[in-house]
Amino acid sequence: MEKIPTEHYEQARLVMWFRQTYRPMRIFAIPNGGYRSKAAAAQLKVEGVSPGIPDLFIPALKLWIEMKRIRGSRVTKEQKDWIKYLASNGYTCFVCFGAEDAKLKITDYIKDYKNAT
């Protein structure tokens, strides 16, 4: 049985590729996921961490990316809500199933973005 890479692995591959390919453009992660102690979770909540915010942001492209595993993942209600909200405010949002899917979507988006400007 084929082992499906974790979302963490896929996201790390994507970020490494993006930083090598599109330097000096910046990409950063939103640390919303993961398991934490109740105290740490409560502290992050009052600092503004909100469930559902996409995993990555590329400010120069106004592009948010929600990373998922290649198979076996779903978009949560909170994620759908944030994606809808961000899109209504002029941002582009992609849900990407693995690093390869994200690379294709980003590459195509950048081509279209450059042609539009």
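Residues numbered from 1 in each chain as written. Predicted model: local features only at pLDDT ≥ 70, side-chain atom pairs only at ≥ 80, totals over all residues. Heavy atoms only, no water.

Trainee: I'd like a rundown of the overall build of the chain, residues and numbers included.
Mentor: Check the secondary structure of the chain and you find four helices and four strands. A compact globule built from 117 residues should have a C-alpha radius of gyration of about 13 Å, and the chain, at 15 Å, falls within 12% of that. If you line up the chain on its principal axes, its C-alpha atoms span 45 × 40 × 25 Å. Here the chain, with 117 residues, has 33% of them falling under the buried criterion. In the chain, 20 side chains carry a positive charge and 12 a negative one; their mean positions are 3 Å apart. (Helix = DSSP H or I, 4+ residues; strand = E, 2+ residues; numbered from the N terminus. Rg over C-alpha atoms; globule rule 2.2 N^0.38 Å. Buried < 20%, exposed > 50% of the residue type's maximum accessible area, 1.4 Å probe, protein only. Lys, Arg positive; Asp, Glu negative; His and termini not counted. Charge placed at Lys NZ, Arg CZ, Asp CG, Glu CD.)

Trainee: Residues and numbers for helix H3 (residues 77-88), please.
Mentor: Between its first and last C-alpha, H3 extends 17 Å over twelve residues, near the 16 Å set by a 1.5 Å rise per residue. Among the residues of H3, those classed as buried are Gln79, Ile83 and Leu86. Buried residues of H3 fall within an arc of 70° about the axis and therefore sit on the same side. More than 90 degrees from the buried face of H3, the exposed residues found are Lys77, Lys80, Asp81, Lys84 and Ser88. Packing partners of the buried residues in H3 comprise strand E3 (63-68) and strand E4 (92-97). (Expected span 1.5 Å × (residues − 1). Arc of directions from axis to C-beta. Contact = heavy atoms within 4.5 Å.)

Trainee: So what about helix H1 (residues 7-21)? Which residues, and what values?
Mentor: In this model H1 runs 21 Å from its N-terminal to its C-terminal C-alpha over 15 residues, within 8% of the 21 Å that 1.5 Å per residue would give. For H1, the set of buried residues is Glu10, Gln11, Leu14, Val15, Trp17 and Phe18. One face of H1 carries all of its buried residues, which in axial projection span an arc of 165°. Facing away from the buried side of H1, by more than 90 degrees, are the exposed residues His8, Met16 and Gln20. In this fold, the buried residues of H1 make contact with strand E1 (28-29), strand E2 (56-58), E3 and helix H4 (99-116).

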